[in-house]
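Chains, contacts and geometry: an overview
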Amino acid sequence: MKPSHIEHIGIAVNNLASAIEFYEKVLGLKCYNIEEVRDQKVKTAFFKVGDTKIELLESTDPDSAIGKFIAGRGEGLHHIAFAVNDIEKQLKHAEDNGVRLIDAKPKKGAEGLEIAFLHPKSTSGVLIEICENKTNKF
Ligand code: ZN
C-alpha cells in the first residue's frame, strides 16, 4: 500500500468537550475542526500534530461503532489511519492478501476523506483505517 504518512489516530472519548480541554490546555494543541459524521453516528474533533492529526470521537448513539466500543472497553485508542493513494486498489490489494475487510468499498469519513476499515482480526488486533483525500491532495 505504501502509505505516505499516518493521517490520523482515532481516540474514542466519553465527552468531546472535556477531551478537547485536555488536548488544548495540557498538550497545547488547537482544535481546528469539530464535525458530526451522521453516517457513523459520531462527533469528531481534530488537532494537527505535524503531518498527523488526532481525531477524537464521541458517539451520538449507543448503537454506533464508537458507542459499542466504549460500552465494551471504555475510552481509548480506537484506530490508526494511513493515508494512501487509490483507496479502491488498496482495498483490493488487502483482500487479495487474505485480509478481512470491514468495508468492501470506501465510505465518506470526516473532513471529506474516503475511508475504509480493515478488520482487527487480520491486523494483529489494531483497527486500521486507510483513507484518501481525493479533493485536496497534499
Ligand atoms: Zn478515522
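See the structure shown above.
The present account deals with the structure reproduced in this document. (Residues numbered from 1 in each chain as written. Predicted model: local features only at pLDDT ≥ 70, side-chain atom pairs only at ≥ 80, totals over all residues. Heavy atoms only, no water.)

1. Quick notes on unusual backbone geometry
With a phi angle near 55°, aspartate 86 is a residue other than glycine that sits in the positive phi range. You can call aspartate 86 partly exposed: its relative accessible area is 36%. The residue glutamate 111 is not glycine, and still its phi comes out positive at about 60°. (Buried < 20%, exposed > 50% of the residue type's maximum accessible area, 1.4 Å probe, protein only.)

2. Focus on the pairing of strand E2 (residues 31-37)
Pairing geometry for E2 and strand E3 (residues 42-49), over six bridges, is antiparallel. By the bridge assignment, valine 37 is partnered in E3 with valine 42. If you look at the hairpin formed by E2 and E3, you'll find four residues sitting between the two strands, and lysine 41 has a positive phi there, around 55°. (Pairing = 2+ DSSP bridges. Helix = DSSP H or I, 4+ residues; strand = E, 2+ residues; numbered from the N terminus.)

3. Quick look at the coordination of the zinc ion
All of the protein donors around the zinc ion are His8 (NE2), Glu55 (OE), His79 (NE2) and Glu129 (OE); their distances to the metal are 2.0 to 2.4 Å. Angles of 83 to 173° at the metal separate the four donor atoms of the zinc ion, which places the site in the irregular class. Owing to a relative accessible area of 2%, histidine 8 belongs among the buried residues under this scheme. A residue is classified by how much of its surface remains accessible, and glutamate 55, at 6% relative accessible area, is buried. (Donors = N, O, S within 2.8 Å, 3.2 Å for Na, K, Ca; no water. Tetrahedral: all angles 85-135°; square planar, octahedral: opposite > 155°, others 65-115°.)

4. Overview of the layout of surface pockets
Considering only enclosed or pocket space, the largest pocket measures out at about 610 Å³ in volume. Surrounding the largest pocket, 31 residues form its lining, Ala65, His78, His79, Phe117 and Leu127 being those nearest its centre. Taken together, the elements giving at least two residues each to the lining of the largest pocket come down to strand E1 (5-12), E3, strand E4 (52-59), helix H2 (65-73), strand E5 (76-83) and strand E7 (114-118). For the lining of the largest pocket, the class distribution of residues is 17 nonpolar, eight polar and six charged. (1 Å grid on protein atoms, 1.4 Å probe; cavity = no way out; pocket = protein on both sides within 12 Å on 5 of 7 lines; lining within 4 Å. Points joined across faces, edges and corners; volume = space filled by probe spheres on them. Nonpolar A, V, L, I, M, F, W, Y, C, P; charged D, E, K, R; others polar.)

5. Considerations on the packing of aromatic side chains
The description of an aromatic ring pair uses the distance of the two centres, along with the angle that the planes make with each other. Inspection of every chain in the model, using the stated rule, returns three aromatic pairs. Plain terms: the ring middles of tyrosine 32 and phenylalanine 46 are 6.3 Å apart, the flat faces sit at 45° to each other, and that makes the pair tilted. Taken together, the residues tyrosine 32 in strand E2 and phenylalanine 46 in strand E3 connect sequence positions 14 residues apart. Ring pairing ties together the aromatic residues Phe22, Tyr23 and Phe47, which thus form one cluster. (Phe/Tyr/Trp six-rings, centres within 6.5 Å; stacked < 30°, edge-to-face > 60°.)

6. Focus on the nonpolar core
Within the largest apolar cluster, 12 residues are counted, these being Ile11, Val13, Leu16, Ala19, Ile20, Tyr23, Leu29, Cys31, Ala45, Phe47, Ile54 and Leu56. Broken down by secondary-structure element, the contributors of at least two residues to this core are helix H1 (16-26), E3 and E4. When residues of this core are assigned to their parent elements, the largest contribution, four residues, is made by H1. Excluding anything up to four places from it in sequence, valine 13 contacts Ala19, Leu56, Leu57, Glu58, Ile70 and Glu75. (Core = buried A, V, L, I, M, F, W, Y, C linked by side-chain atoms within 4.5 Å. Contact = heavy atoms within 4.5 Å.)

7. Some remarks on H2
For H2, every residue scored as buried is listed here: Ile66, Gly67, Phe69 and Ile70. Buried residues of H2, seen end-on, are gathered within an arc of 165° and therefore sit on one face of the element. More than 90 degrees from the buried face of H2, the exposed residues found are Ala65, Lys68, Ala71 and Gly72. On its buried face, H2 sits against E1, E3, E4 and E5. Glycine 74 occupies a position one or two residues after H2 and carries a positive phi of about 85°. (Arc of directions from axis to C-beta.)

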